[in-house]
Amino acid sequence: MTIPDIVIAVDGYSSTGKSSFAKLMAKEFGFLYLDSGALYRAVTLFAQRENLIRKDNSVSVSLRNALGTLKVDFDREGRTCIDSVVVENQIRTMSVSSQVSPIAALPYVREFVDRRLHEMASGGRVVMDGRDIGTTVFPNAGLKIFMTASMEVRAQRRFLELTAKGQSACIEEVKKNLQERDFIDSHRETSPLSRAADSFLLDNSNMTMEQEILWVKGVLQGKFLILD
Ligand code: DC
């Protein structure tokens, strides 16, 4: 299937399978995959390492200047790196998950991440996932998808992801973390999570990845009148 040189924006709640789906689309279409949430997680890990998050989860204003020294990137395998060192596992811990939403709510952090995303996507043919890609970062994206799934399914997925990595987790705690993040992500002042009016809604509670790919191919064919 010949896909035009577009940006595909995938937004939605945490643990709805956005990144798995976005990664698979990138592979299927020969696009570059960019995980915007990983950049917010990297900023959070950086702030933790620099001791810029206080016990009450408030963030020191020094983070703003310190960001000037943060070199965050993805390697060839798409793993997140700080100063060229892979930090993929470190950014996925519960410790980072529980502090990332307040960090992602800071306007200067959002500017930092948006700038990096535009730099990395300059060549086009990109699938990007996040919360505000279709609404704020790439409002002219060629295709916008908004993903959702039931809370039970999301919590179960996140729980399995954590335990597969050997991290201890309890399903109720995971659910609570997801609910808290949903609330902060959709109620913050800067770029809250919201569905773009021109996005396609995908509820994948009862779908396999193969069905999701068939779904998006159908959407692309219809939207761009692709015949092959
Ligand atoms: O997708 P994720 O769970 O890895 O994202 C981590 C956090 O980053 C999430 O709590 C919300 C925030 N985020 C955001 O505010 N905007 C984005 N475009 C992507 C993620």
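Residues numbered from 1 in each chain as written. Predicted model: local features only at pLDDT ≥ 70, side-chain atom pairs only at ≥ 80, totals over all residues. Heavy atoms only, no water.

Q: Got a minute to help me understand helix 5 (residues 107-120) in this structure?
A: A turn of α-helix holds 3.6 residues, and therefore any two residues three or four places apart point the same way. The end-to-end C-alpha separation of helix 5 is 20 Å, in line with the 20 Å expected for 14 residues at 1.5 Å each. Within the sequence span of helix 5, burial applies to Tyr108, Val109, Arg110, Phe112, Val113, Asp114, Arg116, Leu117 and Met120. (Helix = DSSP H or I, 4+ residues; strand = E, 2+ residues; numbered from the N terminus. Expected span 1.5 Å × (residues − 1). Buried < 20%, exposed > 50% of the residue type's maximum accessible area, 1.4 Å probe, protein only.)

Q: Can you help me understand the sheet that holds strand 8 (residues 200-203) in this one?
A: Think of a sheet as strands paired side by side through backbone hydrogen bonds, with each pair either parallel or antiparallel. Pairing is parallel in the open sheet, where five strands are placed in the order 2-6-1-7-8. Single-partner strands in this sheet number two, and they are strand 2 (32-35) and strand 8. Along the sheet, successive strands turn relative to each other by an average axial angle of 20°, direction set aside. As paired strands, strand 7 (residues 143-148) and strand 8 are joined by four bridges and run parallel to one another. In the sheet register, Met147 faces strand 8, and the bridge partner there is Leu202. Contacting strand 2 and strand 6 (126-130), helix 2 (residues 36-49) runs over the sheet at an angle of about 40° to strand 2. (Pairing = 2+ DSSP bridges. Axes fitted to C-alpha atoms, helices over the stretch in contact; angles between N-to-C directions. Contact = heavy atoms within 4.5 Å.)

Q: Quick question: what am I supposed to make of the side chain of Ser36 here?
A: Here Ser36 shows up in helix 2. Separated by 2.6 Å, the side chain of Ser36 and the backbone oxygen of Asp129 make a polar contact. Setting aside anything within four residues of it in sequence, one finds Ser36 in contact with Val113, Leu117, Asp129, Gly130 and Ile133. (Polar contact = N/O pair within 3.5 Å; in protein donor to acceptor, adjacent residues only side chain to side chain.)

Q: Is there a simple way to think about the packing of aromatic side chains in this case?
A: For any pair of aromatic rings, the description rests on two quantities: the centre-to-centre distance and the angle between the ring planes. For the structure shown, the criterion picks out two aromatic pairs. Judged by centre distance (6.0 Å) and plane angle (85°), the rings of Tyr13 and Phe146 are edge-to-face. Pair noted here: Tyr13 is in the loop between strand 1 (7-12) and helix 1 (18-29) and Phe146 is in strand 7, with a separation of 133 residues, a long-range link. Here Tyr13 falls in the partly exposed class, since its relative accessible area comes to 27%. (Phe/Tyr/Trp six-rings, centres within 6.5 Å; stacked < 30°, edge-to-face > 60°.)

Q: I would appreciate a short explanation of the site of the ligand in the present structure.
A: The local shell around the ligand holds 15 residues, among which Arg41, Arg110, Asp132, Arg181 and Arg188 are the closest. A distance of 3.1 Å separates an oxygen atom of the ligand from a polar side-chain atom of Ser101. In the model, a nitrogen atom of the ligand is placed 2.9 Å from a nitrogen or oxygen of the Arg110 side chain. Considered on its own, the ligand offers 450 Å² of accessible surface; in the complex 94% of this is hidden by protein. Taken together, the elements giving at least two residues each to the shell around the ligand come down to helix 2, helix 4 (94-104) and helix 8 (171-187). (Near = heavy atom within 4 Å. Areas by Shrake-Rupley, 256 points an atom, 1.4 Å probe, with all protein chains shown as cover.)

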